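Structural overview for review
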Amino acid sequence: MPELPEVETIRRSLARRLVGRRLAGCRVMGPHVLQGCRPAELRQLRGLRVADLGRRGKYLIIVLEKGVSLVFHLKMTGQFLLGGAERPLDRHTHFVLRLAGGKEDLRFRDVRKFGRLRLVRGREDELESAFSGLGPEPLQLGRDEFARLVKGRTGRLKSLLLNQSFLAGIGNIYADEILFAARLHPLASAAGLSPAQRNRLWRSLRRVLGRAVARGGSTVRDYRDADGRTGLFQIEHKVYGRASLPCRRCRQPIRRIVVGGRSTHFCPRCQSS
DNA sequence: GCCACTGTTAGCAT
DNA sequence: CATGCTAACAGTGG
């Protein structure tokens, strides 16, 4: 389940192998992956060089020359696979970027077919307009900026962290892990946070996301980076997926509840406020 | 074979 | 601003 740390890990693995390479073209096997552009428009990709790889929240960006970018969202089961073009494509591969001067290609596969890509025109510094409505990057957020962001919010902490217009990139796993690290109850109201609790939340979200990026993200089921490597952060999960197992800090059984339709894991003793 | 569940987002109603 | 529902889809496990 690619959230910010997983998408960032994919971005880094792709950057190492794609930057500077030239595209020979692309193939669209599943037209459903195209968002707001027709297959014919993708012909302009041919001959363009990969300038950079970017990320915004959970979106991955392949920045090409001439002000053209490809913006991907992996949703739940989207994957990139960088590999030999001689390997047959499986039925879950919906889009392929062919690279010039070699036998490799970049494959976008997605078992559940929710993942999307779109073509965006504009220089790299103009890309932000393609993400209107998306909140700021959690890892580039100062303490005071976070305080301003929280001000006026009334919802539950868990739902707030999942809200992409509040902060970009946090999903179900990291929302739970961040709240455990901050020792805050998922049902606590954002409006009821003391300044100390709010600062703890800010510190925790930076620490948890930063650590997860350093460990290459979490592989719970099928997440892999573009080189096929799993993440390592799942080893350090304190609450996610640990319902009824003893809390690593106090031995109290971890509880699982449903908040806003999403499964939520927390320690009733460590996260009593 | 059936059913519930998995997690992300958009779109809708309230 | 918030909450709750649905739908998109395929695989997994009971």
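Below is a short write-up of the structure. Predicted, not measured: the structure shown is a model, and the values here were computed from it. (Residues numbered from 1 in each chain as written. Chains lettered and ligands numbered in written order. Predicted model: local features only at pLDDT ≥ 70, side-chain atom pairs only at ≥ 80, totals over all residues. Heavy atoms only, no water.)

1. Brief notes about the overall build of chain A
The helix and strand tally for chain A stands at five helices and 10 strands. Computed over C-alpha atoms, the radius of gyration of chain A comes to 20 Å, within 12% of the 19 Å expected from 2.2 N^0.38 for 273 residues, which places it in the range of a compact globule. Burial analysis of chain A (273 residues in total) assigns 52% to the buried set. Here the analysis covers contacts within chain A between residues at least 6 apart in sequence; of these, 64% occur between residues at least 24 apart. (Helix = DSSP H or I, 4+ residues; strand = E, 2+ residues; numbered from the N terminus. Rg over C-alpha atoms; globule rule 2.2 N^0.38 Å. Buried < 20%, exposed > 50% of the residue type's maximum accessible area, 1.4 Å probe, protein only. Contact = heavy atoms within 4.5 Å.)

2. What about helix α5 (residues 195-214)?
End to end, α5 covers 29 Å across 20 residues, agreeing with the expected 28 Å (1.5 Å per residue, within 8%). Within the span of α5, buried status applies to Gln-197, Asn-199, Leu-201, Trp-202, Ser-204, Leu-205, Val-208, Leu-209, Ala-212 and Val-213. Buried residues along α5 sit against α1 (4-18), α2 (143-150), α3 (157-162) and α4 (172-182). One or two steps after α5, the chain reaches Gly-216, where phi turns positive at roughly 80 degrees. (Expected span 1.5 Å × (residues − 1).)

3. Things to note about the pairing of strand β4 (residues 68-73)
Within β4, six of the six residues are buried, leaving the element largely enclosed by the surrounding structure. Alternating residues of β4 divide into Val-68, Leu-70 and Phe-72 and Ser-69, Val-71 and His-73, and every residue in both groups is buried. Relative to β4, strand β3 (residues 59-64) runs antiparallel, the two sharing five bridges. Residue pairing for β4: Ile-62 is matched across the bridge by Leu-70. By the bridge criterion, six bridges tie β4 to strand β8 (residues 116-121) in an arrangement that is antiparallel. Following the sheet pairing, His-73 is matched in β8 by Arg-116. (Pairing = 2+ DSSP bridges.)

4. Concerning the sheet that holds β8
Here we have four strands laid out as an open sheet, ordered β2-β3-β4-β8, and antiparallel in their pairing. Among the strands making up the open sheet, the edge pair consists of β2 (50-56) and β8. Averaged over all adjacent pairs, the angle separating strand axes in this sheet is 20 degrees, with direction ignored. (Axes fitted to C-alpha atoms, helices over the stretch in contact; angles between N-to-C directions.)

5. A look at the packing of α1 against α5
Closest axis-to-axis distance for the α1/α5 pair is 9 Å, and the angle between their directions is 35 degrees. Crossing hand, α1 versus α5: right-handed. Across the interface between the two elements, Leu-4, Pro-5, Glu-8, Thr-9 and Arg-12 from α1 touch Leu-209, Ala-212 and Val-213 from α5. Here the contact of α1 with α5 is built from residues that sort into five nonpolar, one polar and two charged. (Left-handed = near helix turned anticlockwise from the far one by under 90°. Nonpolar A, V, L, I, M, F, W, Y, C, P; charged D, E, K, R; others polar.)

6. Comments concerning empty space enclosed by the protein
Picture a little ball the size of a water molecule; that probe, rolled over the atoms, points out where space is still empty. Scanning all chains against the criterion turns up one cavity of 30 Å³ or more. Roughly 30 Å³ of volume is contained in the largest cavity. Met-1, Pro-2, Met-76, Thr-77, Gly-78, Gln-79, Asp-222 and Tyr-223 together form the lining of the largest cavity. Taken together, the residues of the lining of the largest cavity break down into four nonpolar, three polar and one charged. (1 Å grid on protein atoms, 1.4 Å probe; cavity = no way out; pocket = protein on both sides within 12 Å on 5 of 7 lines; lining within 4 Å. Points joined across faces, edges and corners; volume = space filled by probe spheres on them.)

7. Section: unusual backbone geometry
The backbone of Arg-183 sits at a positive phi, close to 55 degrees, despite the residue not being glycine. Summarising the element assignment, Arg-183 is placed in the loop between α4 and α5. One non-glycine residue, Arg-251, lies in positive phi territory at about 75 degrees. If you trace the backbone, Arg-251 turns up in the loop between α5 and β9 (255-259).

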